[in-house]
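# Architecture at a glance
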Amino acid sequence: MGCFNSKVKKQFRGHEDPIALASQTAFSVSEVEALFELFKSISSSVIDDGLISKEEFQLALFKNRKKENLFANRIFDLFDVKQKGLIDFGDFVRGLHVFHPNAAQEEKVNFSFRLYDLDGTGFIERQEVKQMLIALLCESEMKLADETIESILDKTFVEADSNQDGKIDKSEWQIFVSRNPSLLKIMTLPYLRDITTTFPSFVFHSEVDEVAT
Amino acid sequence: MTCAWAESRKRRRITIPEILKDEWFKKDYKPPHFEKDDDVNLDDIDAIFNGSDDHLVTESKEKPASVNAFELISRSKSFNLENLFEKQALVKKETQFTSRSPANEIISKIEETARPLGFSVQKKNYKMKLQGDRTGRKGQLAVATEVFEVAPSLHLVELRKTGGDTLEFHKAHSSLNFSNNLDILRNLNSHLLIGP
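An unreviewed UniProt entry annotates chain B as non-specific serine/threonine protein kinase of Capsicum baccatum. UniProt, in the comment section headed Sequence similarities (unreviewed entry), describes chain B in these words: "Belongs to the protein kinase superfamily. CAMK Ser/Thr protein kinase family. SNF1 subfamily."

Looking up chain A in an unreviewed UniProt entry gives the name Calcineurin B-like protein, with the organism given as Capsicum annuum. Of the comments in the UniProt record for chain A, the one headed Subunit (unreviewed entry) reads "Homodimer. Interacts with CIPK." Quoted straight from UniProt, the Function (unreviewed entry) entry for chain A says "Acts as a calcium sensor. CBL proteins interact with CIPK serine-threonine protein kinases. Binding of a CBL protein to the regulatory NAF domain of a CIPK protein lead to the activation of the kinase in a calcium-dependent manner."

This is how it looks when you write it as structure tokens:
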């Protein structure tokens, strides 16, 4: 048992301990180890420094390192808790944890609120929703007239902004989302429940490989 | 049958769809079973179609469901973190377009186009299930369609592949897309790419 532990520690040197990460998240230790394989592959794709840069994240998500995207930027920023412009392994696992089917609803509600609060003011302003809507339309190559966009925003804010102050605060968001549960669909990735079997395209290194380092 | 296979002139060589129909071939033939996509949640579609329809007088909704800004925003493909786990870019399994036609007209048009292409159509309110009759590369093509209201007289039509090959889905989609305001009816036969 002692030998196994030191081998695992060697592999994870410089990164957070998988056992600790498993205890903080919905992932099992072997799932955290599987995530480490993914993390290694993403974090070494542009610069092999054990950290995921914005460019590497874009490369992994879109298979195109130059592709900038408003929503991907938001997700990256939320994973990058220490605001270093880089995601370390702990950030990666804790970030993905929120999307796990077993993660608490409250965590998902909080994450989605912060996701849409583009400038981090603690409120989702109408202008921010407009910006996101326009970004979505560009992405899907759909065109809508400005007045149509405004009427969609009107309709949304009538429902979500109960005190009608032009912005959605945290508690308004909580109520809005409980009435429209489909809005949280994006916050759950069902396949995270079983990543070790769902993604066979991972290459799992055997312990033998790691001894060489 | 062997002569038909051996026919060297490509024009006259038997095609795979023809083989699949041939009596000799069909004897003792068990078509391969393709797994339905696990990651597509069909609960909402199934719920509509499995619901008790015993009474003939069904209350039909006047208008399709309306979408708010966040529902639209959440359709961004950048929320599909599944891509992080895949080596190649995932081919989208859904597509959408907007239309200014009234919702019930959109539904009828899709149905009118889909049936001659060999799809069986099930519909309820503003949701439809289309099932292809030809066996393509990964079983029968199945498409779930839903019409939403985005703004007065502007509708969003979503087509989601729920079974079959994704490339065939994209080809079928161009036949079902009315955003150019003209029915572009293409024979689905020519779209089925049966590889070796």
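After that view of the structure, there is still more to cover.
### Quick look at the pattern of salt bridges
Side chains carrying opposite charge are able to pair once their charged atoms draw close together. All names here are of chain A. Under the definition given, this model contains 16 salt bridges over all chains. In this structure, Lys 66 and Glu 55 form a salt bridge, with 3.6 Å as the shortest nitrogen-oxygen distance. In this pair, Lys 66 sits in the loop between helix H4 (54-62) and helix H5 (70-79) while Glu 55 sits in helix H4, placing the two residues 11 residues apart along the sequence. Its relative accessible area of 62% is what places Lys 66 among the exposed residues. Across the pair Lys 130 and Glu 150 runs a salt bridge, and its minimum N-O distance is 2.6 Å. Separated by 20 residues along the polypeptide, Lys 130 in helix H8 (residues 126-139) and Glu 150 in helix H9 (residues 146-160) bring together distant segments of the chain. Look at Lys 130 and you get buried, because its relative accessible area is 14%. Using a relative accessible area of 24% as the deciding quantity, one classes Glu 150 as partly exposed.

### Description of the sheet that holds strand S3 (residues 127-136) of chain B
Spatially, the 5 strands line up as an open sheet ordered S1-S5-S4-S3-S2 (chain B), and their pairing is antiparallel. At either end of the open sheet lies a strand with only one pairing partner, and these are strand S1 (94-99) and strand S2 (119-124) of chain B. Averaged over all neighbouring strand pairs, the angle between strand axes comes to 20°, with direction disregarded. Taken together, the 6 bridges between S1 of chain B and strand S5 (residues 154-163) of chain B define a ladder with antiparallel strand orientation. Residue pairing across strands places Gln 96 of chain B opposite Glu 158 of chain B, the latter belonging to S5 of chain B. Along the sheet, H9 of chain A makes contact with strand S4 (139-151) and S5 of chain B, crossing S4 of chain B at roughly 85°.

### Re the UniProt feature "domain: NAF" (unreviewed entry) in chain B
In the numbering used here, UniProt assigns the feature "domain: NAF" (unreviewed entry) to residues 62-86 of chain B. The span residues 62-86 of chain B is 20% helix and 0% strand, and its two end C-alpha atoms sit 42 Å from each other.

### Remarks on the domain arrangement of chain A
Residue and element names in this part refer to chain A. Each domain of chain A was delimited in the assignment, giving domain 1 (13-97) and domain 2 (103-187). Just the C-alpha atoms count here: the centres of domain 1 and domain 2 sit 26 Å apart. Residue-level contacts link 8 residues of domain 1 with 12 residues of domain 2. When residues of domain 1 are sorted by the area they lose upon contact with domain 2, Phe 71, Arg 74 and Leu 78 head the list and together hold 57% of the total. The tally of links from domain 1 across to domain 2 stands at 0 salt bridges. Summed over the shared surface of domain 1 and domain 2, the result is 5 residue pairs in polar contact (both at pLDDT 80 or more). Here the side of domain 1 that touches domain 2 gets 6 residues from one element, more than from any other, and that element is H5. Taken together, the residues of the side of domain 1 that touches domain 2 sort by class into 5 nonpolar, 2 polar and 1 charged.

Calculation rules
Think of each chain on its own: its residues are numbered from 1, step by step along the sequence as written. Each chain is given a letter, starting from A, and each ligand a number, starting from 1, according to the order in which they appear as written. For this predicted model, a pLDDT threshold of at least 70 governs which residues receive local features, and a threshold of 80 or more governs which side-chain atom pairs are given and counted, while totals over whole chains, interfaces and linings are taken from all residues. The side-chain figures draw on all heavy atoms in the structure; neither hydrogens nor water molecules are used. UniProt positions are given in the numbering used here, feature names are shortened, and annotations may be inferred rather than shown by experiment. By convention in these notes, a salt bridge is any Lys or Arg side-chain nitrogen within 4 Å of a carboxyl oxygen on Asp or Glu. A run of DSSP states H or I qualifies as a helix once it reaches four residues; a run of E qualifies as a strand once it reaches two. Both are numbered from the N-terminal end. Burial here depends on accessible area, computed with a 1.4 Å probe over protein chains only, as a share of the maximum for the residue type. Under 20% is buried, over 50% is exposed, and the range in between is partly exposed. By this definition, two strands are paired if DSSP reports at least two bridges between them. In this analysis an axis means a line fitted to C-alpha atoms, helices contributing only their contacting stretch, and an angle means the value between N-to-C directions, from 0 to 180 degrees. By definition, residues are in contact when any of their heavy atoms lie within 4.5 Å. For each domain, the first and last residues come from an automatic or database assignment. Buried area adds together the accessible area that both of two parts lose upon being put together, with accessible area traced by a 1.4 Å probe. Here a polar contact is taken to be a pair of N or O atoms separated by no more than 3.5 Å, where protein atoms must pair a possible hydrogen donor with a possible acceptor and residues adjacent in sequence count only if both atoms sit in side chains. Amino acids outside the nonpolar list (Ala, Val, Leu, Ile, Met, Phe, Trp, Tyr, Cys, Pro) and the charged list (Asp, Glu, Lys, Arg) are all regarded as polar, and Gly is one of them.

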